[in-house]
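The primary structure of each chain is shown beneath.
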Amino acid sequence: MTEKALNMTHEQNYDVVISGGGVVGMTLAYALAKHNITVAIIEYTDMAQNSDKNKVADFDGRAYAISYAPYNMLRTLGLWDRIEQNAQPINDIHITDGMAPVFLHFDKTELGDDPLGFIVEVRHLTVGLYDAISDHKNITIISPDHIVDLKNTPSKSEITLNSGKTISCTLLVCAEGRRSPLRERMGIKIQSIDYNQTAIVTTVKHALDHDGTAYERFYPSGPFAMLPLLHKRSSIIWCEPPELAETIMTLSDEAFDAELTKKFGTFLGDVHHLGQRWSYPLTSQLANDYLADRFCLIGDAAHGIHPIAGQGFNLGLRDIAALTEVLVDAKRLGGDLGSEFTLERYVRWRRTDNNLLALGMDGLTRLFSNDITPVRIARQVGLEIVGQILPLKKFFMRHARGSVGKLPKLLKGEKI
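Residues numbered from 1 in each chain as written. Predicted model: local features only at pLDDT ≥ 70, side-chain atom pairs only at ≥ 80, totals over all residues. Heavy atoms only, no water.

**Student:** Sorry, what's going on with unusual backbone geometry here?
**Tutor:** Negative phi characterises most residues that are not glycine, and trans characterises most peptide bonds. Across the junction of serine 143 and proline 144, the peptide omega takes the value -5 degrees, indicating a cis bond. Here proline 144 is to be found in the loop between β8 (139-142) and β9 (147-152). At histidine 231, a position not held by glycine, the phi torsion is positive, near 65 degrees. Judged by its relative accessible area of 60%, histidine 231 falls in the exposed class. (Helix = DSSP H or I, 4+ residues; strand = E, 2+ residues; numbered from the N terminus. Buried < 20%, exposed > 50% of the residue type's maximum accessible area, 1.4 Å probe, protein only.)

Written out as structure tokens, the structure is:
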């Protein structure tokens, strides 16, 4: 078990306890600790082992898109330096309706010189973030462990861990992901949608350079995305009906690459997948509430969306920017970090944005995941119209960059 500055005989009190040591939990912990908020992060698995550079060097394949505004936050916090060398800039986004000749092209030069975003493999994010939090004076790491009991008093939450230890905090944050046991324990229900699609995820090597272009092709069976990685590689998100996806997952490497080439095409030369393949049932879910007594949800524990536009991790980063600003402001004013008055500001800031984007992704999924002729014609005309009207095109590009709406300071690259 990794424990830093944890007294084994007396209950330790923290400003914030975060349950969940994934990339969202670690990023939030660092953002708060950087602003002198004391944090304990609790994770079911062994975070030190999960982040061991030698072990995670084995090929993983999963990757996250980071939009430009969340990139601003990571850079402002000083976290970007830890992952920059493994980040592939997105210079262009190329969107097509299947193999139709009509396409929509987003070029970074239409908004300036900055990239539209970045693609970073999860293994590099994990190592970089763990390095940042593991020796921070305001962060205590408790893993492997988890919460088994929780009691609230007027001023704090008293937490009992599976190991038998007890800690307390002003605010408990749940960053456990979609299947959060803690969210269920707190009695918060979710609304979910099953898309009857399965995402096959892997990384491929191709002969020619992608030049930092992300490709998204929409087929009636589901979207097919090619996200650029370093060293002539791309991260693939390949969506199919569950039965077909199951068959594809059982193919030999040679047969899998043959089917992959049919979807990918040959415009980047010969292509073959590297390492493992993963498959995930595709659903979206939204929590009915974000708050309970001295408790709030963040990231996928609050919202999970279809990966059609690669915005899932970005929503979590936007949550972090808002919650950090709310808590830092409350701390400076001597307020109660866990009070409903404090946390309602976070909910007002994030819930509408999360719900609107989730509904938008749901609408796009339904619009493109069918082959009804009038609908197919309408969406192809829509792509062409957006591509020809520059102000409208720039609006969509700014949305893709995450720079639309009332942004927290960190997303604008400003210090709190």
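**Student:** Would you mind going over the side chain of arginine 233 with me for this structure?
**Tutor:** Tracing the backbone through its elements, the reader meets arginine 233 in strand β15 (residues 233-240). By relative accessible area, arginine 233 is classed as buried at 10%.

**Student:** Sorry if this is basic, but what is going on with the pairing of strand β2 (residues 39-42) here?
**Tutor:** Each regular strand carries side chains that alternate between the two faces of the sheet. Every second residue of β2 is oriented toward a common face, with Val39 and Ile41 on one face and Ala40 and Ile42 on the other, all of them buried. Across four bridges, strand β1 (residues 12-19) lies against β2 in parallel orientation. Residue pairing across strands places isoleucine 18 opposite isoleucine 41, the latter belonging to β2. Handedness of the crossover is the feature at issue here: the chain leaves β1, passes through helix α1 (residues 23-34), returns alongside β2, and the resulting connection is right-handed. Where β2 meets β8, four bridges bridge the pair, whose relative direction is parallel. Bridge pairing links isoleucine 41 to isoleucine 141 in β8. (Pairing = 2+ DSSP bridges. Right-handed = clockwise from strand over helix to strand, strands pointing away.)

**Student:** I tried to follow the packing of α1 against helix α4 (residues 68-77) on my own but got confused; where do I start?
**Tutor:** For any two helices packed against each other, the geometry is given by the interaxial angle and the distance between the axes. With their axes 11 Å apart at the nearest point, α1 and α4 run at an angle of 50 degrees to one another. By the criterion of interaxial angle, the relationship of α1 to α4 is oblique. For the pair α1 and α4, the sense of crossing is left-handed. Residues Thr27, Tyr30, Ala31 and Lys34 of α1 touch α4, and the partners they reach there are Met73, Leu74, Thr76 and Leu77. (Axes fitted to C-alpha atoms, helices over the stretch in contact; angles between N-to-C directions. Parallel < 35°, antiparallel > 145°, perpendicular 65-115°, else oblique. Left-handed = near helix turned anticlockwise from the far one by under 90°. Contact = heavy atoms within 4.5 Å.)

**Student:** What should I look at first to understand the environment of aspartate 211 in this one?
**Tutor:** Looking at the secondary structure, you find aspartate 211 in the loop between β12 (190-206) and β13 (213-219). The exposure class assigned to aspartate 211 is exposed, which follows from its relative accessible area of 55%. Separated by 122 residues in sequence, aspartate 211 and proline 89 have C-alpha atoms that sit 9.2 Å apart. Setting aside its immediate chain neighbours within four residues, aspartate 211 contacts Asn91 and Asp92.

**Student:** Looking at this structure, I do not really get the environment of aspartate 113. What am I missing?
**Tutor:** Here aspartate 113 shows up in the loop between β6 (103-107) and β7 (117-121). Here aspartate 113 falls in the exposed class, since its relative accessible area comes to 69%. Sequence spacing of aspartate 113 and asparagine 91 is 22 residues, and the spatial spacing of their C-alpha atoms is 9.1 Å.

**Student:** Please explain helix α8 (residues 253-264) as it appears in this structure.
**Tutor:** In an α-helix, one turn spans 3.6 residues, which is why side chains three or four residues apart end up on the same side. The terminal C-alpha atoms of α8 lie 16 Å apart, and with 12 residues this matches the ideal 16 Å at 1.5 Å per residue to within 8%. For α8, the set of buried residues is Phe256, Asp257, Leu260, Lys263 and Phe264. For α8, the angular spread of buried residues about the axis comes to 115 degrees, placing them on one side. Opposite the buried face of α8, at more than 90 degrees from it, the exposed residues are Glu254 and Lys262. On the buried face of α8, the contacting elements are β12, β13, β14 (222-229), β15, α7 (242-249) and β16 (271-287). Taken from the residues just after α8, glycine 265 is the one with a positive phi, measuring 90 degrees. (Expected span 1.5 Å × (residues − 1). Arc of directions from axis to C-beta.)

**Student:** What should I look at first to understand a positive patch on the surface in this one?
**Tutor:** A cluster of basic residues, Arg332, Arg348, Lys406, Lys409 and Lys412, forms a positive patch on the protein surface. Mapping arginine 332 onto the fold places it in helix α9 (residues 312-332). A relative accessible area of 54% means that arginine 332 is categorised as exposed. (Patch = residues over 30% accessible without salt bridge, like charges linked within 9 Å, V, L, I, M, F, W, Y side chains within 5 Å. Areas by Shrake-Rupley, 256 points an atom, 1.4 Å probe, with all protein chains shown as cover. Salt bridge = Lys/Arg side-chain N within 4 Å of Asp/Glu carboxyl O. Lys, Arg positive; Asp, Glu negative; His and termini not counted. Charge placed at Lys NZ, Arg CZ, Asp CG, Glu CD.)

**Student:** Even after reading the chapter, I still don't get the pattern of salt bridges, so can you show me in this structure?
**Tutor:** When the charged atoms of two side chains lie near each other, side chains of opposite charge can form a pair. Under the criterion given, the structure shown has 11 salt bridges. Linking aspartate 336 and arginine 294 is a salt bridge whose minimum nitrogen-to-oxygen distance equals 2.6 Å. Highlighted residues: aspartate 336 in the loop between α9 and α10 (340-368) and arginine 294 in the loop between β17 (291-292) and β18 (295-297), separated in sequence by 42 residues. Residues joined in a network through salt bridges with shared partners are Glu121, Arg123 and Arg233.

**Student:** How should I be thinking about the sheet that holds β7 in this particular structure?
**Tutor:** The pairing of strands in a sheet comes from backbone hydrogen bonds and takes either a parallel or an antiparallel form. With respect to topology, three strands assemble into an open sheet ordered β3-β7-β4, the strand pairing being antiparallel. What marks the edges here is a single partner per strand, and that holds for β3 (63-67) and β4 (87-90). Between one strand axis and the next, the sheet turns by 25 degrees as a mean value, whatever way the strands run. Bridging between β3 and β7 involves five bridges; their strand directions are antiparallel. Bridge pairing in β7 links tyrosine 64 to valine 120. Each of β3 and β7 touches α4; the most contacted strand, β3, lies at about 90 degrees to it.

**Student:** In this structure, what is going on with α4? I would like to understand it.
**Tutor:** In terms of burial, α4 is a largely internal element, nine of the 10 residues being buried. Residues Tyr68, Ala69, Pro70, Tyr71, Asn72, Met73, Leu74, Thr76 and Leu77 constitute the buried set of α4. Two residues or fewer past α4, glycine 78 is found with a positive phi of approximately 90 degrees.

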